[in-house]
Protein chains: 6
Amino acid sequence: MDKNTQTFLACTAEYEVSDVVLFGAPFDGTTSFRPGARFGPSAIRCESIGIETYSPYCDRDLTDCRIFDGGDLQLPFGNTQKVLELIKRYTAKLLGDQKRFVMLGGEHLVTLGALRAATEHYRDLHIIHFDAHADLRTDYLGEELSHSTVIYQAWKLLGDGKIHQFGIRSGEKYEFEFAEEHTIMHKFDLGTFSKTVGQLKGKPVYFTLDLDVLDSSVFCGTGTPEAGGVTFKELMDALLELHKLDIIGCDINELSPHYDQSAGSTAVACKITREILLQITK
Amino acid sequence: MDKNTQTFLACTAEYEVSDVVLFGAPFDGTTSFRPGARFGPSAIRCESIGIETYSPYCDRDLTDCRIFDGGDLQLPFGNTQKVLELIKRYTAKLLGDQKRFVMLGGEHLVTLGALRAATEHYRDLHIIHFDAHADLRTDYLGEELSHSTVIYQAWKLLGDGKIHQFGIRSGEKYEFEFAEEHTIMHKFDLGTFSKTVGQLKGKPVYFTLDLDVLDSSVFCGTGTPEAGGVTFKELMDALLELHKLDIIGCDINELSPHYDQSAGSTAVACKITREILLQITK
Amino acid sequence: MDKNTQTFLACTAEYEVSDVVLFGAPFDGTTSFRPGARFGPSAIRCESIGIETYSPYCDRDLTDCRIFDGGDLQLPFGNTQKVLELIKRYTAKLLGDQKRFVMLGGEHLVTLGALRAATEHYRDLHIIHFDAHADLRTDYLGEELSHSTVIYQAWKLLGDGKIHQFGIRSGEKYEFEFAEEHTIMHKFDLGTFSKTVGQLKGKPVYFTLDLDVLDSSVFCGTGTPEAGGVTFKELMDALLELHKLDIIGCDINELSPHYDQSAGSTAVACKITREILLQITK
Amino acid sequence: MDKNTQTFLACTAEYEVSDVVLFGAPFDGTTSFRPGARFGPSAIRCESIGIETYSPYCDRDLTDCRIFDGGDLQLPFGNTQKVLELIKRYTAKLLGDQKRFVMLGGEHLVTLGALRAATEHYRDLHIIHFDAHADLRTDYLGEELSHSTVIYQAWKLLGDGKIHQFGIRSGEKYEFEFAEEHTIMHKFDLGTFSKTVGQLKGKPVYFTLDLDVLDSSVFCGTGTPEAGGVTFKELMDALLELHKLDIIGCDINELSPHYDQSAGSTAVACKITREILLQITK
Amino acid sequence: MDKNTQTFLACTAEYEVSDVVLFGAPFDGTTSFRPGARFGPSAIRCESIGIETYSPYCDRDLTDCRIFDGGDLQLPFGNTQKVLELIKRYTAKLLGDQKRFVMLGGEHLVTLGALRAATEHYRDLHIIHFDAHADLRTDYLGEELSHSTVIYQAWKLLGDGKIHQFGIRSGEKYEFEFAEEHTIMHKFDLGTFSKTVGQLKGKPVYFTLDLDVLDSSVFCGTGTPEAGGVTFKELMDALLELHKLDIIGCDINELSPHYDQSAGSTAVACKITREILLQITK
Amino acid sequence: MDKNTQTFLACTAEYEVSDVVLFGAPFDGTTSFRPGARFGPSAIRCESIGIETYSPYCDRDLTDCRIFDGGDLQLPFGNTQKVLELIKRYTAKLLGDQKRFVMLGGEHLVTLGALRAATEHYRDLHIIHFDAHADLRTDYLGEELSHSTVIYQAWKLLGDGKIHQFGIRSGEKYEFEFAEEHTIMHKFDLGTFSKTVGQLKGKPVYFTLDLDVLDSSVFCGTGTPEAGGVTFKELMDALLELHKLDIIGCDINELSPHYDQSAGSTAVACKITREILLQITK
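Fair warning: this is a prediction, and the values are worked out from it, not measured in the lab.

**Q** How should I be thinking about the sheet that holds strand 8 (residues 184–187) of chain F in this particular structure?
**A** Strand pairing within a sheet occurs via backbone hydrogen bonds; the two strands may be parallel or antiparallel. Residue and element names in this part refer to chain F. Taken in spatial order, the eight strands of this open sheet run 4-1-5-10-9-6-7-8, and their pairing is parallel. The open sheet terminates on both sides in strands that have one partner only, identified here as strand 4 (67–72) and strand 8. Strand-to-strand twist of the sheet, defined as the mean angle between neighbouring strand axes without regard to direction, takes the value 15 degrees. For strand 6 (residues 126–130) and strand 9 (residues 204–210), the ladder comprises five bridges, and the chain directions are parallel. Bridge assignment links isoleucine 127 to a residue of strand 9, and that residue is tyrosine 206. Across the sheet, helix 2 (residues 80–96) is in contact with strand 1 (20–25), strand 4, strand 5 (100–105) and strand 10 (246–253); its angle to strand 1 comes to roughly 175 degrees. Along the sheet, helix 8 (residues 264–280) contacts strand 1, strand 4, strand 5, strand 9 and strand 10; its crossing angle with strand 5, the most-contacted strand, is approximately 165 degrees.

**Q** Would you mind showing me how to read the interface of chain D and chain C here?
**A** Where interface size is given, it is often the accessible area lost as the parts come together that is meant. Listed as interface residues are 23 residues of chain D and, on the opposing side, 23 residues of chain C. In total, about 1700 Å² of surface goes out of reach between chain D and chain C, with carbon and sulfur atoms giving 50% of it. Here chain D is connected to chain C by two salt bridges. The partner of glutamate 143 of chain D in a salt bridge is lysine 82 of chain C, and the shortest N-O contact between them spans 3.3 Å. Counting across the interface, chain D meets chain C through twelve residue pairs in polar contact (both at pLDDT 80 or more). Looking at the side of chain D that touches chain C residue by residue, the class counts come to seven nonpolar, eleven polar and five charged.

**Q** What exactly am I supposed to notice about the side chain of glutamine 6 of chain A here?
**A** As for its placement among the helices and strands, glutamine 6 of chain A is situated in the segment before strand 1 (20–25). On the basis of relative accessible area, glutamine 6 of chain A is assigned to the buried category, the value being 18%. Setting aside residues up to four positions removed in sequence, glutamine 6 of chain A forms contacts with Arg45, Cys46 and Asp69 of chain A together with Asn4 and Gln6 of chain E.

**Q** In this structure, what is going on with the relation of the copies chain A and chain F? I would like to understand it.
**A** Note on the chain copies: they are related by a rotation about an axis and a translation along it. Least-squares fitting of chain A to chain F yields an RMSD of 0.0 Å, with the superposition described by an axial translation of 0.0 Å and a rotation of 180 degrees. Given the turn and translation reported, the copies of this chain are related as if by a two-fold rotation axis. By residue overlap, the copies meet face to face through one surface: 100% of the interface positions of chain A are interface positions in chain F.

**Q** Just to check I follow, could you spell out the interface of chain A and chain F for this structure?
**A** Listed as interface residues are 23 residues of chain A and, on the opposing side, 23 residues of chain F. With both sides pooled, the region where chain A packs onto chain F buries about 1700 Å², and carbon together with sulfur makes up 50% of that total. Where chain A touches chain F, the interface holds two salt bridges. Where chain A touches chain F, the interface holds twelve residue pairs in polar contact (both at pLDDT 80 or more). Here the side of chain A that touches chain F is built from residues that sort into seven nonpolar, eleven polar and five charged.

**Q** What exactly am I supposed to notice about the packing of helix 3 (residues 110–121) of chain A against helix 4 (residues 150–158) of chain A here?
**A** In a packed pair of helices, the relevant descriptors are the angle between the two axes and the axis-to-axis distance. Residues and elements named next belong to chain A. Axis separation between helix 3 and helix 4 bottoms out at 10 Å; the angle between their running directions is 10 degrees. Taken together, the axes of helix 3 and helix 4 are roughly parallel relative to one another. The residues of helix 4 that touch helix 3, namely those facing Thr111, Leu112, Leu115, Arg116 and Thr119, are Val150, Gln153, Ala154, Leu157 and Leu158.

**Q** Can you help me understand the pattern of salt bridges in this one?
**A** When charged atoms on two side chains of opposite charge get close, those side chains can pair. The final tally for this structure, using the stated rule, is 102 salt bridges over all chains. Close ionic contact of aspartate 97 of chain A with lysine 93 of chain A constitutes a salt bridge, the shortest N to O distance being 2.7 Å. With relative accessibility at 30%, the residue aspartate 97 of chain A sits in the partly exposed group. For lysine 93 of chain A, a relative accessible area of 38% corresponds to the partly exposed category. One salt bridge connects glutamate 172 of chain C with arginine 137 of chain C, and the closest N-O pair in it is separated by 3.5 Å. Within this pair, whereas glutamate 172 of chain C is found in the loop between strand 7 (163–168) and helix 5 (173–182), its partner arginine 137 of chain C is found in the loop between strand 6 (126–130) and helix 4 (150–158), the two being separated by 35 residues in sequence. Under the relative-accessibility criterion, glutamate 172 of chain C is labelled partly exposed at 23%.

**Q** Is there a simple way to think about the environment of valine 230 of chain F in this case?
**A** Residues and elements named next belong to chain F. By the secondary structure assignment, valine 230 is in the loop between strand 9 and helix 7 (232–239). Looking at valine 230, the relative accessible area reads 0%, which means it is buried. For the pair formed by valine 230 and leucine 214, sequence separation is 16 residues and the distance between their alpha carbons is 4.8 Å. In contact with valine 230, other than residues within four places in its own chain, are Phe188, Asp189, Leu190, Val213, Leu214, Asp215, Val218 and Leu235.

**Q** Would you take a moment to explain the pairing of strand 10 (residues 246–253) of chain B for this structure?
**A** Look at any regular strand and the pattern is simple: side chains alternate between the two faces of the sheet. Residue and element names in this part refer to chain B. A large share of strand 10 lies buried, amounting to seven of its eight residues. Taken together, the three bridges between strand 5 (residues 100–105) and strand 10 define a ladder with parallel strand orientation. Paired with valine 102 across the bridge in strand 10 is cysteine 250. As paired elements, strand 9 (residues 204–210) and strand 10 share seven bridges and run parallel to each other. Looking at the pairing, proline 204 lines up with aspartate 246 of strand 10. In this fold, strand 9 hands off to helix 7 (residues 232–239), which returns the chain to strand 10; that crossover is right-handed.

**Q** Is there a simple way to explain helix 6 (residues 193–200) of chain D in this structure?
**A** For an α-helix, the turn length of 3.6 residues means that residues three or four places apart are oriented alike. All names here are of chain D. When helix 6 is considered as a whole, its buried residues turn out to be Phe193, Thr196, Val197 and Leu200. Across the axial projection of helix 6, the buried residues extend over an arc of 105 degrees, all falling on one side. Where the residues of helix 6 are buried, they touch strand 6 (126–130), strand 7 (163–168), strand 8 (184–187), strand 9 (204–210) and helix 7 (232–239). Remark: glycine 202 follows helix 6 within two positions and exhibits a positive phi of approximately 90 degrees.

**Q** Could you clarify how one ought to interpret unusual backbone geometry in this entry?
**A** Phi is mostly negative for residues that are not glycine, and the peptide bonds are mostly trans. Residues and elements named next belong to chain A. With an omega dihedral of 10 degrees, the bond running from glycine 105 to glycine 106 counts as a cis peptide bond. With respect to the helices and strands, glycine 106 occurs in the loop between strand 5 (100–105) and helix 3. A positive phi angle, close to 55 degrees, is found at aspartate 59, a residue other than glycine. As for its position among the elements, aspartate 59 is in the loop between strand 2 (54–55) and strand 3 (60–61). Unusually for a residue other than glycine, leucine 141 sits at a positive phi of about 50 degrees. Among the structural elements, leucine 141 can be located in the loop between strand 6 (126–130) and helix 4.

**Q** Help me understand the side chain of threonine 80 of chain B in this model?
**A** Checked against the element boundaries, threonine 80 of chain B lands in helix 2 (residues 80–96). With residues up to four places along the chain from it excluded, the contact list for threonine 80 of chain B reads Phe27, Thr30, Leu109 and Leu145 of chain B together with Gly78 of chain E.

**Q** So what exactly am I meant to see when it comes to the packing of aromatic side chains here?
**A** Working definition: an aromatic ring pair is given by the centre-to-centre distance plus the angle between the planes. Taken as a whole and assessed by the stated rule, the structure comprises 84 aromatic pairs over all chains. Put simply, the rings of Phe23, Tyr90, Phe101 and Tyr206 of chain A pair up and form one aromatic cluster. Arginine 38 of chain C extends its terminal NZ or CZ atom over the ring of phenylalanine 77 of chain C, reaching a point 3.7 Å from the ring centre. Here lysine 99 of chain C stacks its cationic end above the ring of tyrosine 15 of chain C, 4.8 Å away from the centre of that ring.

**Q** Just checking my understanding: could you explain the sheet that holds strand 8 of chain D for this structure?
**A** All names here are of chain D. Taken together, the eight strands give an open sheet; going across it, the order is 4-1-5-10-9-6-7-8, and neighbouring strands pair in parallel fashion. Sheet topology places strand 4 (67–72) and strand 8 at the edges, where each strand pairs with a single neighbour. Adjacent strand axes in the sheet meet at a mean angle of 15 degrees when their direction is disregarded. The strands touched by helix 8 (residues 264–280) within the sheet are strand 1 (20–25), strand 4, strand 5 (100–105), strand 9 and strand 10 (246–253), with strand 5 carrying the most contacts at an inclination of about 165 degrees.

What counts and how
Residues numbered from 1 in each chain as written. Chains lettered and ligands numbered in written order. Predicted model: local features only at pLDDT ≥ 70, side-chain atom pairs only at ≥ 80, totals over all residues. Heavy atoms only, no water. Pairing = 2+ DSSP bridges. Helix = DSSP H or I, 4+ residues; strand = E, 2+ residues; numbered from the N terminus. Axes fitted to C-alpha atoms, helices over the stretch in contact; angles between N-to-C directions. Contact = heavy atoms within 4.5 Å. Buried area = accessible area lost by both parts, 1.4 Å probe. Salt bridge = Lys/Arg side-chain N within 4 Å of Asp/Glu carboxyl O. Polar contact = N/O pair within 3.5 Å; in protein donor to acceptor, adjacent residues only side chain to side chain. Nonpolar A, V, L, I, M, F, W, Y, C, P; charged D, E, K, R; others polar. Buried < 20%, exposed > 50% of the residue type's maximum accessible area, 1.4 Å probe, protein only. Least-squares fit on C-alpha atoms with pLDDT ≥ 70 in both. Parallel < 35°, antiparallel > 145°, perpendicular 65-115°, else oblique. Right-handed = clockwise from strand over helix to strand, strands pointing away. Arc of directions from axis to C-beta. Phe/Tyr/Trp six-rings, centres within 6.5 Å; stacked < 30°, edge-to-face > 60°. Lys NZ or Arg CZ within 6 Å of the ring centre and 35° of its normal.

Below is the structure:
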């Protein structure tokens, strides 16, 4: 008899033959406000049975793709450096094996682990960053490693002109001032995304999606729901362009499922995960 | 002293003098994912005291209408065929007595009971179907009677070209292919509804409204909340055209009130019930 | 050692040097449906640490303002007249001390206490009223003092042509008829707000914001969530015009935080409070 | 066709032939902390379908009793005096018609309305009071009519030595001192209840049950859940003695159903209501 | 790389070498009141990581046992007969392979499927039944297959004197009368359980545990929480005797996890599952 | 005008004249399962207005005590060592100023910070530890600083025979074995507490109370609710003996308020905080 295997919807390929690897990074140890993003990956897997493998948006079906679901990394709470190291090691192996990947957070800081591997692998890496928050703080209560400093940390790895931020509508004043000099920030919405896609064609791109870029009406299942965000349709329209880019890896983070009793936020995350998987699988 | 009578807002007419009959079909026995639509009808009645009898949308008042609230059918769980038979019998009596009706689900399969009566009564019956899901599966885990097969079952009763689907954004690939040949499907939104209204004028129409056609931001109190749907205003604009049609019966289904702790979804269902009652009462 | 002082985000000025005073009126004693607005002010203070002091919308920072947070009034439940008297006395003192103020409700009736003081202070006072409900009932179950009669009571103080209502989409028929003769009502949305701003320049204005003017998708944390309302962006666009007016006082009411488990509604209220504070602080 | 009549389980007798009348007093207007007891009566009716008519505790069946369910009184919020007057009038009629009654609160103050009628009808009336709180305050924030003053108010009607309090474990110091002189208080539990029953045989007794006498583990669905209370079995054992007394009326109050998402507290209230009805029906 | 395998705590043995098989029967299709027991098995697996493999109660450790977790059966909603057939087939295979088993419900009717297999395998089978409800109805709204008829159905398979019921405190009057003649019912508690254990030594026993035998204070995460039940310690004391019996199979049913937001009920179910596994594993 | 000061019920003394200091340590950064204990201190303060200052259990009143509420420490998430250092520094100052203290957690690891200060101050320090869990792990996923290792860490500071554990009912096998040699563990309940009190008279004692020592029926608002624990009355009886000891400091930890929607768990924590304050204030 078979054991009980739990994967995201239809992601049942073996690792060796897979094009894309899905895995979870259930860490929320630097979350300063409402924790719970650690429950994101398992919620997305569990609830994925509520949606279909077929997308009428792009007319493709997950059952036609070869995706391996690696489960969740086992990450120790209370030791942030070690968590990032474990994420880096795992993604480094994936990149070495020529796998594209989708990492399910967890809080936004998990991105830094993946970026540490990706910047070692790719020279001219660009980042596309969808978020409500600038995440450009230099520290949070004295700590340099935090969900609210992650893009500043990314900038330290990548340098000026490589980070393309969209949907930003919250942050300290100095973060917005920093962005004017060092990143390419598109405030409030995704209106200019198509143009950025055109500019980045052919270059290696890491895509980091903080789901709170969505309006809190669509996505309240997160630690700091933010009104004034993009609609599901606006986000979906942007995602449908991802296949035009060379996405080498991406992450979907900050679902904190318990804050949305209706499970609507998790359903949103499931659909977005499906669409991203369909976009980056060739 | 009077007993405690509970009706939907102002639906206090006696059966004999009523134009329209409201009743509940509290069944969710084939729901495959999150059950609870059985609690829909009673929630809609209870919460209806939170809204007004007057609609500023159509400038009409429920107190000027003659509507009988028949309470809920008593439906046995675990026996799907019998449930459908009980619904059919009840609606057959209403049709025989020249009553229009609004059935409050319950899961979407309850529609089939009403349709079995309606198709015996009306030859050239058309169906208008608002939903997030195509509901055109031939079976679900081997079962032909399911919330996800109900429109396929309707098609077996009515044949090609009679089913007008709007707002559909989820389904298996083969459902969309089936729709291309056998139903008239308008994907994603209600943009083309006015045109359909024009085409169906004068014909008997059954209107089935799966409330998950609404975006999950507006309506998360349902078993499978679906992002990417229509806004409340878009739905309301469509409903305000219903009086142009000869609606012989309709249903409003898939409210599962417990999943929306704020009761906002139930409030949405109450308003929609009020508007539909105002539209179909002459 | 310092005691534990709790204020809204950065509202730490002393009373004497402050331009603006923030205070709470935690009363919901006439709420006829779902109570809980009494918990609004403390929720807004607590959750304000989840947002930033800087607004990218108007490029201003709360840390540059002088705002005193006076805490909550202690209001006895069960004695509506006394509650209104206590609110009146407090606001009268603020007006006497040349302070602008933001009162956090509580239910909408708290507005009447503030208006009783404001109309004694200002002759040609106008009211801007954002709400889903007309609030023009003459009584509720025989009671003249109620959340649903508050604007009718305001009219008794102010007379015709002084009350500018926006976003109204619910009410008894006679309320809408009353509005046609005695107030200036803009139904359903805020589309015409800019024009009203132009007309009221230079006049003293009291602004009363019932948060249920927002669509229930954005703001379900309230006693009677109302679909069909304005989006957060539409409300924000209107608020960004407030600095053009001479706002002598305002209130933000009807947040009932427990109905929105995700705390998204409270986050909305926090952001709106920040923006209003930034708008009315010179 | 019949209208939708909603009664407590099997309480379907007509008024004229009934021995006992059940009715609701959905008022919580003086609740100082967490409101919601207004939803108690309707929750008890709705959820009563989840229990059986038969009690294995006393081997009796509700279907053998003649009980009329009068529905809920319509009580205006914001006017405490009027609420008490409406309750008094209704119970006075019941007493005049020789009906015993069970009033479902609502907050504890509703008891005062019933007592005002009962003390006019019966000379030597005694009160049995089960509660976590002494409810002997002279005022609350200056208000004499409050859920926390109700037994003090009862004492003003009845005088010394008539009020038998059980289970009390919370109160101001002066309340306990007052009790030592004016009431008969049994702190913490119901251990001495049998003895009191012996003493009161043959005398008219009003029984007021604040459900928070139960330990908060059994009954958390109330505004101020109180640990350290009696178990369900201890309460049930006491209730099974009620038939030995001449209970002329009673109330069951302070269920606030929304605070117990599991509906367990409402189920407790339903069972207790059933047992009390069986005990006082001859 | 390994796939994501989800088992109950430490139940990682292969089927072939296992002594005991754990599996889920996620069906709640005849639940008449509040559905959700279908989510029981997955909740128990997920939450099992919150408890330890070691039991200080019996000083044994799950890591020393050989238990196979077979995952959940895939059961179609809406077809009760087929569901029972699928359960019967699965348990028949287990019995044929000399495996003891623990089935996680699901509603209580799932027991019938297992019993249909067990009675074919064992002649002198006895049933130990812990429950709040007698479950001896002959039908429910005309349906013979229901959670409330399951022990009556068991009696039809087994005959008089084979069913030992404990903790029963709810039922129709006729159910209690039936029990007096045909089953061995111990009302209200488990006080006499030790004696029954003595009587059944050496005989094949099927143990069915409806978790609502627990007091609703301990276990509110179920469709019909029942006050007046046994404490966790009383239940645990009984379970610690199970190793004296020849338990050939058992089930643990009626956890409906969503009704207990604190997850305390699921934690109770996890501990009980651990203890039962430790008891029946030799 | 005064600012809004928030203290625990009646803890309004100035620091200089206070006997006892209350403060919060809102940290849950090593919580491995369900986080949220960071919200404990603020919940206890907010909800303390729902209980009285007077205790009928010990007939004392908080208004007669001199207690300073120092608010919450500001602790950075993601850096466990620094958090412990900040707690140590604060408690060291209190000890230096001859203040007894009550620290409100947060997770159980916060105890270690206080102990690091206390062991520098007192030679023959003993610890009384009430808990469901042994907390004697040597590490958790490789981390030595964790809520589940805290008593092992305490043992490293204090040595054998100084740690008195009560109520323990969960742990790895090796933790129980460790306890047999190095601590004094009383499993399952508090039955032997009086004897320990007798033994420790006159010695400096640190009291650490993990609230999950309570049965999960009484206290479900915690990350890992544990059935089989002590009742509220059993805990209260033990607490009422504390005044016989020389408690130099204590902590009350692991309230995670959001998991108990009814706020009953927070009310339990408030009452326990009141009783402990009354016990340790001379």
